[in-house]
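Remarks on the overall topology
Listed below are the residues making up each chain.
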Amino acid sequence: MTIADVVFVWLGVGALLAAVLPRVVAGRPLSLPVVFLAGGIGVYLLPLPLPEVDPVEHRLVTEHVTEVCIIIALMGAGLALNRPVGRRLWASTWRLLGITMLLTVLGTALVAWWLLGWPPAAALLLAAVLAPTDPVLASEIRVGEPTEDEHDEDEVRFALTSEAGLNDGLAFPLTYAAIALAATAGSGWSADWFGTWVVKDVAFKCAVGVLGGLLIGRLLGWLFFRTSSRVLRLSEYREGFVALAATFLAYGLTELAGGYGFLAVFTTACAVRAAERAHGFHKVLHDFVEQIERLLTAVLLFLLGAFIALGGLAPLTWRGAVTGLLLLLVVRPLCGWAGLLGGGVERRERRVIAVYGIRGIGSLYYLAYALGQQDFPVPERELWAVVTFTVLASVLLHGITAGPVVFGLDRRRATERGQKAPARKQPYRGRS
């Protein structure tokens, strides 16, 4: 028996569980990410010949695997959203990005600087990599499959899904700020980098990302739905893997142009969605992406559990653990509440949106990326330990509580409208 044989066995078991477990955990205070994370920890505690999992030593592999998972998730999120993009319809999203995200980064950086004693560059890096939210890790609080009705989304699910779709890209300028600060100031503070950062890393790259996504999305939307050639009108053939073509084209072309590919992928998905909102091809694309996303997420969380079992949290101090918990339990909820004040979101919904700022795969990607660009005045394994602990705590806390909390919110909303209380969310069963 070789390590490769064992890996193939576990890949098969993991793929099978990724298909079965959503039905098993449906309606229970448990989530698929929790199961796979616990599975990784449990399997790697057994005396089996398994390959070592170490994102510090295999930083480049970690960066690219998480990168692929994120861009596929971004495509799925954009295709699922029914509301047309607009200032009023997306008001809660703009508040979460423009107010909540920036306040959360500032609060997290201050906590890391004060409690951990980290220099400004490292504190800002921690805040930047923990900025992206990830409702993929709690499916109950993200929107479902695409429908024809733009009003077929409650504010909680819409706000958290759209926020995650955009802040995965907007975390890049913050990460570049930490990299630039570390390069110019080392363990101190300097503002020499600020002007270049604003022009290049914020204005230029964000503009290229959004414009590139719009252009590619509109071209693909025309090709999918409106071209006069039936051979090229891909919506006629219902091939779900075309979503991967859109994902990789948007990401690769935008990155080549010097923009943020994450922003481009989400924008492309929204533009394709807008090209023909009532067409069933959107559901085909979304369902295919969702299956790939679920499988990749399961693999990554299993490997994260393996890293934990192999001692990934050994460098974690109590101060690092408290920093992660403060982000999840204090900083994000307060900043989320503040960002949505005066935005017309109902009080109970505002509370849920504020609390469920889930940390996940995006944090792992940004940390791997940043550590490949610049050395920071904090041990790498300590940085990984704090981020890994925060993701672990978020998966457990939010994954276990999201189902009951959102189900209770749905029941209360239905009761207030005089409707029959909804049943608990059922797992995906495929197209009829």
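Reading the values: rules and limits
Residues numbered from 1 in each chain as written. Predicted model: local features only at pLDDT ≥ 70, side-chain atom pairs only at ≥ 80, totals over all residues. Heavy atoms only, no water. Axes fitted to C-alpha atoms, helices over the stretch in contact; angles between N-to-C directions. Helix = DSSP H or I, 4+ residues; strand = E, 2+ residues; numbered from the N terminus. Parallel < 35°, antiparallel > 145°, perpendicular 65-115°, else oblique. Left-handed = near helix turned anticlockwise from the far one by under 90°. Contact = heavy atoms within 4.5 Å. Phe/Tyr/Trp six-rings, centres within 6.5 Å; stacked < 30°, edge-to-face > 60°. Buried < 20%, exposed > 50% of the residue type's maximum accessible area, 1.4 Å probe, protein only. pLDDT = per-residue confidence, 0-100. Polar contact = N/O pair within 3.5 Å; in protein donor to acceptor, adjacent residues only side chain to side chain.

This part is about the packing of helix H2 (residues 32-44) against helix H10 (residues 281-312). With their axes 7 Å apart at the nearest point, H2 and H10 run at an angle of 40° to one another. When the axes of H2 and H10 are compared, the pair comes out oblique. The two elements H2 and H10 cross, and the hand of that crossing is right-handed. Residues Leu32, Pro33, Phe36, Leu37, Gly39, Gly40, Ile41, Val43 and Tyr44 of H2 lie in contact with H10, whose contacting residues are Arg294, Ala298, Leu301, Phe302, Leu304, Gly305, Ala306, Ile308, Ala309 and Leu310.

Going through the model one piece at a time under the given rule, you end up with 23 aromatic pairs. Summarising the aromatic geometry, the rings of phenylalanine 224 and phenylalanine 281 are spaced 5.6 Å apart at their centres and angled 85° between planes, so their arrangement reads as edge-to-face. With phenylalanine 224 in helix H7 (residues 194-225) and phenylalanine 281 in helix H10, this pair connects stretches of sequence that are 57 residues apart. The class of phenylalanine 224 is buried, set by a relative accessible area of 2%. Residue phenylalanine 281 is classed as buried on the basis of its relative accessible area of 0%. Aromatic rings pair up to connect Phe172, Tyr176, Tyr251, Tyr260, Phe262, Tyr365, Tyr366 and Tyr369 into one cluster.

With that settled, consider the confidence of the model for the protein. Residues of the protein with pLDDT of at least 70 account for 88%, and the chain-wide mean is 86. Overall, residues 425-432 carries pLDDT values under 50, and its contacts beyond four positions in sequence, including any with other chains, amount to 16 contacts.

With that out of the way, let us pick up the side chain of threonine 133. When you line up the elements, threonine 133 lands in the loop between helix H5 (120-129) and helix H6 (155-185). Classification of threonine 133 by relative accessible area gives buried; the value is 2%. Only 3.0 Å separates the side chain of threonine 133 from the side chain of asparagine 167, close enough to count as a polar contact. Other than its neighbours up to four places away in sequence, threonine 133 contacts Glu163, Ala164, Asn167, Asp168, Arg332, Gly357, Ile358 and Arg359.

For the rest of this paragraph, the subject is the side chain of arginine 83. Its location among the elements puts arginine 83 in the loop between helix H3 (59-80) and helix H4 (91-116). With a relative accessible area of 11%, arginine 83 lands in the buried category. Within polar-contact distance, the side chain of arginine 83 engages the backbone oxygen of leucine 89 at 3.0 Å.

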